[in-house]
Amino acid sequence: MDIGALLTSAGINIAVCVVLLSLYSILRKQPSNDSVYFMRRLISEKIKPDPLGLERLVPSASWIVRAWQATDEDVLVAGGVDALVFLRIVVFSIRIFIIAAVICVFLVLPVNYYGQEMQHKKIGAESLEVFTIGNVKEGSIWFWVHCLALYVISCSACVLLYFEYKSITKMRLAHITGSPVNPSHFTVLVRGIPWSRDHSYSETVEQFFSTYYPASYVSHQMVYRASRVDKLMKDAEKMCRMLKTIELQNRESYMPSCLSGGTTHSFTSLNIKPESFKSKTCGDGLQPSQSEKLEKKDVKKMYKKLKTIELQNKESSMLCCLCGGLLHSFKVLKNETESVERKANSDGLQPSQTDKERSAAFVFFRTRYDAVVAAQVLQSSNPMLWVTQLAPEPNDVYWSNLSIPYKQVWLRRIATLLGAIVFMFLFLVPVTFVQGLTQLDQLRQTFPFLRGILKQKFMNQLVTGYLPSVILMLFMYAVPPTMMLFSTIEGVVSRSERKKSACIKVLYFTIWNVFFVNVLSGSIIRQLSVFSSVKDIPTQLAKAVPTQATFFTTYVLTSGWASLSCEVIQLFPFLCNWFKKFIPRTQEEPCSSSALTFPHHTEIPRLLLFGLLGFTCSIMAPLILPFLLVYFFLSFLVYRNQILNVYVPEYESGGLFWPIVHNTTIFSLVLTQVIALGVFGIKRSPVASGFIIPLIFLTLLFNEYCRQRFSPVFKRSPAQVLIEKDRQEENLGRGEEIYKLLRTSYCQFPLLCPDLSISQDPSTSQDSMPGNSGQKKDHESSKDPESPNPDFQEISLLS
């Protein structure tokens, strides 16, 4: 590939970025797109639309200015610690590659270009291999420049990593001590509860923790098998939001009632029949001419949905998992008061509910320290029973995986690991095809009919410079959903853990397929034979990396610059929003359930992959560094804008992604040093090779120091911090408030959980806790399990 092909790829990607960013600056000004580009702000505050005028149709850079002016405190308030840590990754990348670009472009690049005595062409016609280390002749005395540059880059990266690790560790500790009361700090998730014929799971849990933790145990909440009622409650929640939206539209329209002369308000009728859509009388509160559109498109849709659910329930005659009776039809209650009364009058869980208990429970403790001790101690001589860990945040719990028996978890992990490896090797086929496009001579031999097309200069540059990276990027879009599916099958119990597991899988996948497979390009048999001899790996990498640096440069342009433009424009949410507003003409109030969360599992691996490419190509092919810097600067603005306006954080991990970043950066540095060692060996420069060996050991020694100094804080919480926090709250007398919060936090079915207050001492309040021994009395005095419980025959839709 020559400079012309690289400039062709750069020109196409620059044009795509300019068009998409200009289009975004126009679309974000339209009020109809607020739910796409300002979802986070819509949920937290009311946005004033821009005045109608020509400015709405003219591109502007105002969003870039606002993103640049935002402070870290603004990011912390909007996205939490995880969002701020992600931006620290971008800032770290900008800093280290500014240093690398200055050294390598002004020192290493001239050495590479004039490494051999040859007649140089014009810059536009030069091959990109002339700018790589492969152009330096063997035994040259100028290899000390490459060695010096590698030392400066490695030392700078280690220093910056140390300060970032230290800063993020303090940030995590501040998050633990300064955040409001978090129920997860007092809660332990217990899995692998042994089954007993004589006792239910709930009684077994109470007996175990009352015996071995009598002073610290407060209560527990069992996990139940999700059944049809879970789906019905989600449908009810959707219906509730739809009713509120219709009520809001109804109030804004101020439609007069022909009986009272007032305005129509919320739906209050208990029975909605299809005949009302044909002949709607004025006594119903809506005039036919004014409510025709509302009836046909909104109310009729809800009626059909409710009737379908009712018919399914009558046909199935399923037992309700909460009351033991038969599931019956929905009934729309008049108001919220009626719903609360019905909820408060419920007698708790019926005896049949014990059959639906799973071998998992949330156990509540008095203090944070008690919960941490119980979570870290081995509870039984059998490690597969009474397995404890700190519970995730209530919004972070992945309820469907809690029903998985703990004995299956290790089998699931092995199965998903094997599935990920198979998928990784299957991906060799498209990667090999992509690499075939970069080999022009091989392409002409394989496809003779393309020889005439490839003789054209522009088509030649397009096929070799732009098309391979685009094809690879399109195939890579299938990787994150697949890895997220594997992480779900593993049986993780929290959404953040699932996203972290998917992030690691995507990272390994991209490093293997984008870097190693492309570097060691050729047939699949050749790629496997390369690793049959471990001692030849540095030599093979040293030969291959300089030749593939041109492909990596175009990949940064396509997968980096273009992906950021697609990220900021939010193409799929925009199309969905356009369809909802202009095809079925439905409007919904913005809510957190429909908001997007930050895709750490896709963006962090992309940043780390580009960091790997930057380190390995820094002294081999320095031309990639300016393009990388543009990507990181643009990503800083784009991601900051998205965090402030679009993404809504549902849970907080406290910066648990940073150790992944640190370990990957160390791996990139060591890999760069190993490749440099192989290159210096091939180029017969023993002095430079001798200086690289101690650098490898120093980098590994630095990594071990950071692992001992900072890593434990991300795995365990310090007892000193927890005890001080517990004493502060004890002095403030916030015990009753905390225990009340615990009782209502981990509710598997929020719409049906009674919100009871604590009026007695927490140590004696166990009988009134949902899911604990207090159910036993209710079970003894409960009705016949075959008879329907009237308190749970109706699921309310609050208007």
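See the structure shown above.
Attention here is on the structure that accompanies the text.

Calculation rules
Residues numbered from 1 in each chain as written. Predicted model: local features only at pLDDT ≥ 70, side-chain atom pairs only at ≥ 80, totals over all residues. Heavy atoms only, no water. Helix = DSSP H or I, 4+ residues; strand = E, 2+ residues; numbered from the N terminus. Buried < 20%, exposed > 50% of the residue type's maximum accessible area, 1.4 Å probe, protein only. Phe/Tyr/Trp six-rings, centres within 6.5 Å; stacked < 30°, edge-to-face > 60°. Polar contact = N/O pair within 3.5 Å; in protein donor to acceptor, adjacent residues only side chain to side chain. Pairing = 2+ DSSP bridges. Axes fitted to C-alpha atoms, helices over the stretch in contact; angles between N-to-C directions. Contact = heavy atoms within 4.5 Å. Patch = residues over 30% accessible without salt bridge, like charges linked within 9 Å, V, L, I, M, F, W, Y side chains within 5 Å. Areas by Shrake-Rupley, 256 points an atom, 1.4 Å probe, with all protein chains shown as cover. Salt bridge = Lys/Arg side-chain N within 4 Å of Asp/Glu carboxyl O. Disulfide = S-S within 2.5 Å. Parallel < 35°, antiparallel > 145°, perpendicular 65-115°, else oblique. Left-handed = near helix turned anticlockwise from the far one by under 90°. Nonpolar A, V, L, I, M, F, W, Y, C, P; charged D, E, K, R; others polar.

### A few points about unusual backbone geometry
The phi torsion at Gln 570 lies on the positive side, around 50°, for a residue other than glycine. One can find Gln 570 in the loop between α23 (537-569) and α24 (571-582). Looking at Gln 570, the relative accessible area reads 7%, which means it is buried. Positive phi outside glycine occurs at Arg 684, with the angle close to 55°. Tracing the sequence through the fold places Arg 684 in the loop between α27 (658-682) and α28 (686-709). Given the relative accessible area of 63%, Arg 684 is considered exposed.

### Some remarks on the packing of aromatic side chains
This structure, assessed with the given rule, holds 41 aromatic pairs. Ring geometry for Phe 209 against Trp 386: centres 6.0 Å apart, planes inclined by 80°, an arrangement best described as edge-to-face. With Phe 209 in helix α7 (residues 201-212) and Trp 386 in the loop between α12 (368-376) and β4 (387-390), the pair connects residues that are 177 residues apart, well separated along the chain. For the pair Phe 209 and Trp 386, a shared accessibility class is recorded, and that class is buried. Through pairs of rings, three or more aromatic residues link up here, namely Tyr 162, Phe 163, Tyr 165, Trp 658, Tyr 705, Phe 710 and Phe 714.

### So, the side chain of Thr 602
With respect to the element layout, Thr 602 can be found in helix α25 (residues 600-618). Within the local environment of Thr 602, its side chain forms a polar contact with the backbone oxygen of Pro 599, the two atoms lying 3.1 Å apart.

### Description of the sheet that holds β4
Sheet strands line up and pair through hydrogen bonds in the backbone, either parallel or antiparallel. Taken in spatial order, the four strands of this open sheet run β2-β3-β1-β4, and their pairing is antiparallel. Bordering the open sheet on either side are β2 (217-224) and β4, each of which pairs with just one other strand. Across the sheet, the mean angle separating the axes of adjacent strands is 25° when strand polarity is ignored. On top of the sheet, α7 reaches β1 (187-191), β2 and β3 (357-365); it is set at about 155° to β2, its chief contact.

### Side note on a nonpolar patch on the surface
Among the surface-exposed residues, Trp 410, Leu 411, Ile 414, Leu 417, Leu 418, Ile 421 and Phe 425 lie close enough to one another that they form a single nonpolar patch of about 680 Å² accessible area. Summarising the element assignment, Leu 418 is placed in helix α14 (residues 409-426).

### Things to note about the pattern of salt bridges
Enumeration according to the criterion identifies ten salt bridges in this entry. The partner of Arg 95 in a salt bridge is Glu 164, with the nearest N and O atoms 3.4 Å apart. In this pair, Arg 95 sits in helix α5 (residues 72-113) while Glu 164 sits in helix α6 (residues 143-178), placing the two residues 69 residues apart along the sequence. Under the relative-accessibility criterion, Arg 95 is labelled partly exposed at 40%. Salt-bridge contacts for Glu 737 lead to Arg 734; the nearest nitrogen and oxygen are separated by 3.5 Å.

### Some details on the environment of Leu 656
With respect to the helices and strands, the residue Leu 656 is situated in the loop between α26 (624-645) and α27. Given the relative accessible area of 23%, Leu 656 is considered partly exposed. Excluding residues that lie within four positions of it along the chain, Leu 656 makes contacts with Asp 82, Arg 172, Lys 500 and Phe 714.

### Observations concerning the state of the cysteines
What makes a disulfide is a covalent bond joining the sulfur atoms belonging to two cysteines. Scanning all chains against the criterion turns up zero disulfides. In this structure Cys 17 is a free cysteine whose sulfur lies 8.5 Å from that of Cys 566, the closest cysteine sulfur available. Here Cys 17 falls in the buried class, since its relative accessible area comes to 7%. Free of any disulfide, Cys 706 has its nearest cysteine sulfur in Cys 158, 7.9 Å distant. On the basis of relative accessibility, which here comes to 0%, the residue Cys 706 falls in the buried class.

### Observations regarding the pairing of β3
For β3, the buried fraction is high: eight of the nine residues fall into the buried class. Sheet analysis places β2 next to β3, joined by six bridges and oriented antiparallel. Its bridge partner lying in β3, His 220 is registered against Val 363.

### A look at the packing of α25 against α27
With their axes 9 Å apart at the nearest point, α25 and α27 run at an angle of 25° to one another. With respect to α27, the element α25 is oriented roughly parallel. Classified by chirality, the crossing of α27 by α25 is right-handed. Residue-level contacts link Ile 604, Leu 608, Leu 612, Phe 615 and Thr 616 of α25 to Ile 660, Val 661, Thr 664, Thr 665, Ser 668, Leu 669, Leu 671, Thr 672 and Ile 675 of α27. Residue composition of the contact of α25 with α27, by class: nine nonpolar, five polar and no charged.

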